[in-house]
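Chain by chain, the residues:
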Amino acid sequence: MVIWDFDGVIADSERIYLENRQRYFNSKLNLNWDFNTTVDNICGLSDFSNREVLNSLGYITCDDFWDNLVKIDEEVFKKEGLVPTDGIENIIKKLPKQCVATGGIKQRTIVKLELVGFWKKYFNEDNLFTIDMVRKGKPFPDIFLYAS
């Protein structure tokens, strides 16, 4: 069994994800973060963990804050497009048993898999594991343990 992460592995969506958060956090929370500060604080983390980071800095957010960000992500991914990492499909199509385990939420991950052409072709409800399914997000290994 191969367990794939999505962002930065199947497609380079991490840059878009981080830029969206930088703009949104700066706009809504008046943080004034540059891209490097955004990377230093939240790169590689799920939004569940991002929320904890903001909370620890004294910025308490509500569910609507994060729901709106999911919508913004989808709009930007659809507008800018998303392509698979070079050569990744050649590997994926040869593997008999695999799944995606990601720190992203289900709705956004399905959109991204659709954009790269892998939803229903290689991945579906049976082999997709998202942060919605576990208690702790990245950097904790819960999602990968659950998928395995």
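The rules we used
Residues numbered from 1 in each chain as written. Predicted model: local features only at pLDDT ≥ 70, side-chain atom pairs only at ≥ 80, totals over all residues. Heavy atoms only, no water. Pairing = 2+ DSSP bridges. Helix = DSSP H or I, 4+ residues; strand = E, 2+ residues; numbered from the N terminus. Axes fitted to C-alpha atoms, helices over the stretch in contact; angles between N-to-C directions. Parallel < 35°, antiparallel > 145°, perpendicular 65-115°, else oblique. Contact = heavy atoms within 4.5 Å. Nonpolar A, V, L, I, M, F, W, Y, C, P; charged D, E, K, R; others polar. Salt bridge = Lys/Arg side-chain N within 4 Å of Asp/Glu carboxyl O. Buried < 20%, exposed > 50% of the residue type's maximum accessible area, 1.4 Å probe, protein only. Core = buried A, V, L, I, M, F, W, Y, C linked by side-chain atoms within 4.5 Å.

**Student:** I would appreciate a short explanation of the sheet that holds strand 2 (residues 98-101) in the present structure.
**Tutor:** What holds strands together in a sheet is hydrogen bonding between their backbones, with the strands either parallel or antiparallel. On the basis of which strands lie adjacent, the open sheet formed by three strands has the order 1-2-3 and parallel pairing. Edge strands, defined here as strands with exactly one partner in the open sheet, are strand 1 (2-4) and strand 3 (128-129).

**Student:** Explain the packing of helix 1 (residues 14-29) against helix 2 (residues 35-42) to me, please; I cannot follow it from the model alone.
**Tutor:** Helix-helix packing: each pair is described by the crossing angle between the helix axes and the interaxial distance. Packing of helix 1 against helix 2 brings their axes to within 10 Å, and their N-to-C directions diverge by 105 degrees. What the angle tells us is that helix 1 and helix 2 run roughly perpendicular. Along its contact with helix 1, which presents Arg 15, Leu 18, Glu 19, Arg 21, Gln 22 and Phe 25, the element helix 2 presents Phe 35, Thr 38, Val 39 and Ile 42. Its residues assigned to classes, the contact of helix 1 with helix 2 comprises five nonpolar, two polar and three charged.

**Student:** What is the right way to read the pattern of salt bridges from this model?
**Tutor:** Should their charged atoms come close, side chains of opposite charge can pair. Here the structure, examined in full by the defined rule, presents eleven salt bridges. One salt bridge connects Asp 73 with Arg 21, and the closest N-O pair in it is separated by 2.6 Å. Placement of the pair is Asp 73 in helix 4 (residues 63-80) and Arg 21 in helix 1, with a sequence separation of 52 residues. Here the two residues Asp 73 and Arg 21 agree in accessibility, since each one is buried.

**Student:** Help me understand the nonpolar core in this model?
**Tutor:** Within soluble globular proteins, side chains that are nonpolar generally end up buried alongside one another. Formed by 19 residues in total, the largest nonpolar core has its most connected members in Phe 6, Ile 10, Ile 92, Phe 118 and Phe 123. Elements with a minimum of two residues in this core: helix 4, helix 5 (88-92) and helix 6 (106-115). Beyond its immediate chain neighbours, meaning those up to four positions away, Phe 123 contacts Trp 4, Ile 10, Ile 92, Gln 98, Cys 99, Val 100, Leu 113 and Phe 118. Ranked by size, the runner-up nonpolar core spans 14 residues in total, among them Phe 25, Ile 42, Leu 45 and Phe 65.

These values are about where atoms sit, not about what they do.
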